[in-house]
Amino acid sequence: MALLEVRDIHTYYGNIHALNGISLSVEKGEIVTLIGGNGAGKSTALNTICGITPARSGSVLLSGKEITKMPPHKIVEQGITQAPEGRRIFSRLTVRENLEMGAYTQKDKDKIRQSLEQVFEIFPRLKERERQPGGTLSGGEQQMLAIGRAMMANPRILLLDEPSMGLAPILVQEIYAIIERLHGQGTTILLVEQNAQMALSICSRGYVLQTGEIVLSGSGEELLANEMVRKAYLGEN
Amino acid sequence: MNTTLLKCFGTDNPIMKWVVRVLAGMLIVALLAMPQIPFAQQALWVRVIGYTGLYIILGIGLNVILGFGGLLHLGFVTFYAIGAYTYAILASDFFGYHLSFWLVLPLGALLAAFAGVLLGVPVLRTRGDYLAIVTLAFGEITRILITNLRSLTNGSQGLIGIDDPVFFGRTFDSGKYYYYLIFIFALLVIFITSRLRKSRIGRAWNAMREDEDVARMTGINTSYYKLLAFAVGGFIGGLAGVIFAAWQGSIFPDNFNIFVSVNVLCLIIIGGVGSIPGVIVGALALIALPDILRQFAEYRLLLFGLLLVVMMILRPAGFLPSKRLQIELGQTRAGPTPEKIEPANSSTGGNAS
């Protein structure tokens, strides 16, 4: 059974049909990526999985358990967390407070301390800036904080929405190295990206989303070799 | 008050912290002793400070909703009115019930809290300006209802002959008793809300105010915490209402007009949204000062407007802004280094997409 299974979800913003029946699955321990252009519905797909923009029809299953209609805070308790697009850290809270907010659903104080140590081990830069307000961090550090915050709840699956957005190439490399490291430690990741090259090179499998529909899927190499993908997303003629 | 004194509320300087504590302690002692030491116009001062204290309680209440929860509620008067009318109905000659003040005090507050939840449910999905408009309407509806529900509220004739509280055989027949009553309750709500802000609940409010969607993504049930903010704020507003009705002895629909909500909101803004010391300063500036300067009554609104304009220019976060806001102002105005501001701004830019 797949860890996360999305079956034919339709999501609307008012009358706008944002997701037109997409299905995908993520196995335990995989990195699966969802690529697509602006407005393809990538973020909407993640937000639907999280319960922020619930699907009008279709279903989302976590280890076979129906979570489609659950409110977002219940879904976090089930083990899905997200580092949202644009990072959206709590800019007035300190780095540490941001991370503690990520562990809001965790009751066990020892476990929270453990997660905090883990996050600081992966992101030593955050440890250095522990007491600094989140808003004073650089873009790359904010991305680290957003990922760290999502890791604090010990998720069964981590959703990352465009972690490379607005970052200098060297920082993109750094963030991706961290994503691979998290994956190496056994974290299951669903990664949404516009930066198709980066995402496809580290993923186990990928899906291509176009105007609310999945038009292509396959392994990372297959998609990187695919002519349509090369033309549309990798800027080749 | 000089600026160093103002600033020290926000610093972590331990010496200044102690200076503030000692000054606050002296102020409390002076306030406690004031009604006992006879001097000219004492009754006036007892009334003015008591009234200011009442608005401090109201301000603390709205501060929970606006300052902690980040919910712009413009109909706070509703809770005040519910508290006041609960006591007036249950402890006056109008219906002939004469229930004890100490019984009705929690009852009126609970009813107001309940109203907070009830009015909160339909506005859960509205944010910012829309929430303000809807709650503004609630405040007006309250006033119109109490004007027209004559069988219950006696309409615009109001409810008169409201009982004075009795405490261990002592009837509260002078302003001094109310002065102390308000004093104790003001300290109580200040203590409770400052504890609340540091609790798990306070942290959830903090996150919700900063970014509602992300708060939901981190597992916070924002609907629950919004309703909780309305309930706690409503409860405190209700408390103030009960005390007000008992003190004034008679209440009329006009006591609960929109200016109550506006005044409470203004005193919070002037003091600094989210800051508890700010509420006190705001109440002094907005409630005590105009009362003391009654002989300049004609210029009150003029001075008031002027004060607001000067505030906006010089201290946009209020006289005693909360620490959180100071951190933010530190970034946007007198930030540590301009380089550090850049990433913060770019992230907010990113949020919009």
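Residues numbered from 1 in each chain as written. Chains lettered and ligands numbered in written order. Predicted model: local features only at pLDDT ≥ 70, side-chain atom pairs only at ≥ 80, totals over all residues. Heavy atoms only, no water.

What follows deals with the overall build of chain A. Each helix and strand counted, chain A has ten helices and ten strands in total. Principal axes of the C-alpha set define a box for chain A whose edges measure 45 × 40 × 35 Å. Scored against the burial criterion, the 237 residues of chain A give a buried share of 59%. A separation threshold of at least 6 residues defines the contact pool for chain A, and within that pool the share at least 24 residues apart is 67%. (Helix = DSSP H or I, 4+ residues; strand = E, 2+ residues; numbered from the N terminus. Buried < 20%, exposed > 50% of the residue type's maximum accessible area, 1.4 Å probe, protein only. Contact = heavy atoms within 4.5 Å.)

Now for a positive patch on the surface. A surface patch of like charges, here positive, comprises Lys 17, Arg 21, Arg 195 and Lys 198 of chain B. If you list the elements that add at least two residues to the positive patch, you get helix H2 (14-33) and helix H8 (175-198) of chain B. (Patch = residues over 30% accessible without salt bridge, like charges linked within 9 Å, V, L, I, M, F, W, Y side chains within 5 Å. Areas by Shrake-Rupley, 256 points an atom, 1.4 Å probe, with all protein chains shown as cover. Salt bridge = Lys/Arg side-chain N within 4 Å of Asp/Glu carboxyl O. Lys, Arg positive; Asp, Glu negative; His and termini not counted. Charge placed at Lys NZ, Arg CZ, Asp CG, Glu CD.)

Attention shifts here to the sheet that holds strand S10 (residues 213-219) of chain A. Residues and elements named next belong to chain A. The sheet built from six strands is open, its strands ordered S6-S7-S8-S3-S9-S10 with mixed pairing. What marks the edges here is a single partner per strand, and that holds for strand S6 (80-83) and S10. Averaged over all pairs of adjacent strands, the angle between strand axes in this sheet comes to 20°, irrespective of strand direction. One ladder, built from six bridges, connects strand S9 (residues 205-210) with S10; its direction is antiparallel. Along S10, the bridge assignment pairs Gly 206 with Gly 218. Along the sheet, helix H1 (residues 42-50) contacts strand S3 (31-35), S6, strand S7 (157-161), strand S8 (188-193) and S9; its crossing angle with S7, the most-contacted strand, is approximately 150°. Together, S3, S7 and S8 form the strand contacts of helix H7 (residues 169-184), whose direction differs from that of S8 by roughly 155°. (Pairing = 2+ DSSP bridges. Axes fitted to C-alpha atoms, helices over the stretch in contact; angles between N-to-C directions.)

Further remarks concern the packing of helix H3 (residues 42-68) of chain B against helix H13 (residues 276-292) of chain B. All names here are of chain B. Remark: H3 packs on H13, axes separated minimally by 8 Å, with the N-to-C direction vectors making an angle of 140°. Compared by their axis directions, H3 and H13 come out oblique. Our pair here, H3 against H13, has a crossing hand that is right-handed. Taken together, the residues of H13 that come into contact with H3 (itself represented by Trp 45, Arg 47, Val 48, Tyr 51, Thr 52, Tyr 55, Ile 56, Gly 59, Ile 60, Asn 63 and Phe 68) are Ile 276, Val 279, Ile 280, Ala 283, Leu 284, Ile 287, Ala 288, Asp 291 and Ile 292. (Parallel < 35°, antiparallel > 145°, perpendicular 65-115°, else oblique. Left-handed = near helix turned anticlockwise from the far one by under 90°.)

Structurally, the position occupied by Gly 235 of chain A is in the segment after helix H10 (227-233). Spatially, the C-alpha atom of Gly 235 of chain A lies 9.9 Å from that of Gln 197 of chain A, the residues being 38 residues apart in sequence.

Residues and elements named next belong to chain A. Within the open sheet, the four strands sit side by side as S2-S1-S4-S5. Their pairing is antiparallel. A strand with exactly one partner marks an edge of an open sheet, and here the two such strands are strand S2 (16-26) and strand S5 (65-66). Where strand S1 (residues 4-13) and strand S4 (residues 57-62) come together, five bridges link them in antiparallel fashion. Opposite Glu 5, over in S4, you have Leu 61 as the bridge partner.

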